[in-house]
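Examination of the molecular architecture
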Amino acid sequence: MSRKYNVAIVGASGAVGEEILNVLEELEFPVNDILPLASARSAGQSVTFKNKDFVIKELTETTFEENDIDIAFFSAGGSISEKYAKYAVESGALVIDNTSHFRMDSDVPLVVPECNPEDIDAWQERGIIANPNCSTIQMVQILKPLDDAFDIKRVDVSTYQAASGAGKEGMEELVEELQAFFAFKLDEYKPKVFPHKLALNLFPHIDVFLENDYTKEEMKMVNETQKILHKQMEVSATCVRVPVLRSHSEAITIKFNQDFDIEKVKEILANAPGLKLADNVSKNLYPTPMMSTDTNDTFVGRVRRDNFDEKILHLWCCADQIRVGAATNAVRIALKWIENN
Ligand code: A2P
């Protein structure tokens, strides 16, 4: 019988943690046992995996020495990964970290399995594999096959990011604001998660501002893209929060070093792993956040050549931020790791 694995989920009560359970089930991950972990606030509640209930335990410094865990998914925020990932590694578990904490460490691979599966082999250096930023994942899935074909020089991207990027609290805040709007009380509503009201609004501000006037989210897209694709390609991002519940959208402009054929571009995108081409404007077919929500695919459309520069391509994509941008990528990393080991 092939091997089965004991899996811990840190942040099991959160938006990504819950979805990891769904994706483990959907992708038929070889699970032996599940250990859902969260803070004392949620300990005692239960989560469901394959119609069976599992009680959430409080994450402590001794959790991993007391339990025989093979793979630990961390999605409870950077400070929790910083403090607790080492205990999981010391106990012999592989850590797949969904936070930004380890992503740019040179001895931690940063992996999108459709783009750089070979990097998984470097997991042994620290016992950790980092899952990239959600906006980066859906973009590099598109950039990788196009770079292989036509050699990308530069990428300019504007994102339209859903409330789900701020976890369950972010989604709840948007819903409460919408309810307040329909009760004629939006003026009185004080946002707690986001820097401004998100309902009927948007703002070019995700994560903190840095000294170079970009946000940390924008610089994640630059630095992580270069690390995953092993190429110093020029990338510039403007990241915008929009009043969508889940699924991020992106308008991407790509400048190639080589000439490209637009039909060939569409053929590459239609056949690339993880991507679905949704591009038929005569039928109003193009990706929308609702199309990608609850799926494991990145949808691409509005593929067109620039009006003035024949080496520039424009396109639009949508992907479920909680799945493709987090849970699905993490589970796909684990599946690839199992295959390699
Ligand atoms: P809890 O529900 O106990 O607060 P989201 O990204 O949807 O907001 O979810 C964040 C996840 O991180 C939740 O599962 C949350 O658990 C978990 N979390 C937050 N703080 C801690 C902590 N100190 N220890 C363990 N898990 C934590």
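This one's a predicted model, so the numbers in the text were calculated from it and none came from an experiment.

Notes on the UniProt feature "binding site: phosphate" (unreviewed entry) in the chain
The UniProt record marks R103 with the feature "binding site: phosphate" (unreviewed entry), using the residue numbering of this structure. Position of R103 relative to the elements: it lies in the loop between β7 (94-97) and β8 (128-130). R103 sits in the buried class, given a relative accessible area of 5%. Contacts of R103, omitting those with residues within four sequence positions, involve N98, V108, L110, A130, N131, P132, N133, K220, E224 and K227. Within polar-contact distance, the side chain of R103 engages the backbone oxygen of T99 at 3.2 Å.

Side note on the domain arrangement of the chain
On domain assignment, one finds that the chain holds domain 1 (5-132 + 326-340) and domain 2 (135-321). For domain 1 and domain 2, the distance between their C-alpha centroids amounts to 25 Å. Across the contact, 25 residues belong to domain 1 and 21 residues belong to domain 2. Approximately 1,800 Å² of surface area, both sides summed, lies buried where domain 1 meets domain 2, with 55% of it carried by carbon and sulfur atoms. The largest contributions to the domain 1 side of the interface with domain 2 come from M104, E114 and C115, which together make up 27% of the buried area. Viewed at the interface, domain 2 and domain 1 are joined by 3 salt bridges. In this structure, E224 and R103 form a salt bridge, with 3.0 Å as the shortest nitrogen-oxygen distance. On inspection of domain 1 and its partner domain 2, the count reaches 13 residue pairs in polar contact (both at pLDDT 80 or more). At the level of elements, α1 (15-26) and α9 (323-340) are the ones that each hand at least two residues to the side of domain 1 that touches domain 2. The residue inventory of the side of domain 1 that touches domain 2, partitioned by class, reads 10 nonpolar, 7 polar and 8 charged.

Here we look at the packing of aromatic side chains
Overall, the coordinates contain 11 aromatic pairs when judged by the stated rule. Ring centres of W123 and W337 lie 5.3 Å apart, and the angle between their planes is 85°; on these two criteria the pair is classed as edge-to-face. Placement of W123 in the loop between β7 and β8 and of W337 in helix α9 is noted, with a sequence separation of 214 residues between them. Pair check on accessibility: W123 and W337 agree, each one buried. One aromatic cluster is present, built from ring pairs that chain together Y5, W123 and W337. Across from the ring centre of F260, 4.2 Å away, lies the NZ or CZ of R305, which sits over that ring.

What counts, and at which threshold
- Residues numbered from 1 in each chain as written.
- Predicted model: local features only at pLDDT ≥ 70, side-chain atom pairs only at ≥ 80, totals over all residues.
- Heavy atoms only, no water.
- UniProt positions renumbered as here; feature names shortened; annotations may be inferred.
- Helix = DSSP H or I, 4+ residues; strand = E, 2+ residues; numbered from the N terminus.
- Buried < 20%, exposed > 50% of the residue type's maximum accessible area, 1.4 Å probe, protein only.
- Contact = heavy atoms within 4.5 Å.
- Polar contact = N/O pair within 3.5 Å; in protein donor to acceptor, adjacent residues only side chain to side chain.
- Domains from an automatic or database assignment.
- Buried area = accessible area lost by both parts, 1.4 Å probe.
- Salt bridge = Lys/Arg side-chain N within 4 Å of Asp/Glu carboxyl O.
- Nonpolar A, V, L, I, M, F, W, Y, C, P; charged D, E, K, R; others polar.
- Phe/Tyr/Trp six-rings, centres within 6.5 Å; stacked < 30°, edge-to-face > 60°.
- Lys NZ or Arg CZ within 6 Å of the ring centre and 35° of its normal.

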